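Read off the chains here:
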Amino acid sequence: MSKAILFVDDEQIILMSLKSQLKKHFGNEYRYETAQNTEEAWSIIEELVDEGIYILIIISDWLMPNQRGDEFLRDVHKRYPNIKKIIISGHIDENSLNKLKGEVNLHSFLNKPWSESDLIKKVEDAIAKIA
């Protein structure tokens, strides 16, 4: 597998749910990686890049301890601007979301709780824009 999707959320149940829903839909077409914090996410990103695996999409929670998802995606965008970015949150204000969209070319926002069909549609849309 030469393409990956990375999920970043401090709640293990959210990570497993996102991963299982996408894996059910896309099967083994992609490699699915999970990180419970941004430090772990950076380790995974570096490992994937070293292995020559292209990271298609990062789906990150907005509110996490140590570093918020919007800050993490800004950092990712500086180093890897071509990775599609989706932010997920149950609490977000429109101004912060619009600012992030402009700064990191945010692909989309996913509201918690999300529907499986909405998750799949947003990921399919992101993948279509890569090709």
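Being a predicted model, the structure only gives us computed values, none of them experimental. Each residue is numbered by its place in its chain's sequence as written, counting from 1. Totals for whole chains, interfaces and linings use every residue, but because this is a predicted model, local features are given only for residues with pLDDT of at least 70 and side-chain atom pairs only at 80 or more, for both listing and counting. To obtain the side-chain values, all non-hydrogen atoms of the structure were included, while hydrogens and water were left out.

### A look at the overall build of the chain
Each helix corresponds to a stretch of at least 4 residues labelled H or I by DSSP, and each strand to a stretch of at least 2 residues labelled E; elements are numbered beginning at the N terminus. Along the backbone of the chain there are 5 helices and 5 strands. The globule rule used here is 2.2 Å times the number of residues to the 0.38 power, and the radius of gyration it is set against is calculated over C-alpha atoms. Relative to a compact globule of 131 residues, whose C-alpha radius of gyration would be 14 Å, the chain shows 13 Å and is just as compact. A principal-axis box enclosing the C-alpha atoms of the chain has dimensions of 35 × 30 × 30 Å. Counting across all 131 residues of the chain, residues that qualify as buried make up 50%. Put simply, 65% of the contacts in the chain that link residues at least 6 apart link residues at least 24 apart. The Shrake-Rupley method, run with a 1.4 Å probe, gives the accessible areas here. Residue values count only the displayed protein chains as cover. Carbon together with sulfur atoms contributes 47% to the accessible area of the chain, which is approximately 6,600 Å² in total. Whether a residue is buried, partly exposed or exposed follows from its accessible area with a 1.4 Å probe, protein chains only, as a fraction of its type maximum: under 20%, in between, or over 50%, in that order. Should any heavy atoms of two residues lie within 4.5 Å, those residues are considered in contact.

### So, the packing of helix 3 (residues 69–79) against helix 4 (residues 94–104)
Contact pair helix 3 / helix 4: the axes reach a minimum separation of 10 Å and the direction vectors enclose 10°. By the criterion of interaxial angle, the relationship of helix 3 to helix 4 is roughly parallel. The interaxial crossing formed by helix 3 with helix 4 has left-handed handedness. Across the interface between the two elements, D70, L73, R74 and H77 of helix 3 pack against K99, L100, E103 and V104 of helix 4. Looking at side-chain class alone, the contact of helix 3 with helix 4 contains 3 nonpolar, 1 polar and 4 charged residues. In this analysis an axis means a line fitted to C-alpha atoms, helices contributing only their contacting stretch, and an angle means the value between N-to-C directions, from 0 to 180 degrees. An angle below 35 degrees is read as roughly parallel, one above 145 as roughly antiparallel, one from 65 to 115 as roughly perpendicular, and any other as oblique. When the near helix sits turned anticlockwise from the far one by under a right angle, the crossing is termed left-handed; a clockwise turn instead gives a right-handed crossing. Here the term charged refers only to Asp, Glu, Lys and Arg, the term nonpolar to Ala, Val, Leu, Ile, Met, Phe, Trp, Tyr, Cys and Pro, and the term polar to all other amino acids, Gly among them.

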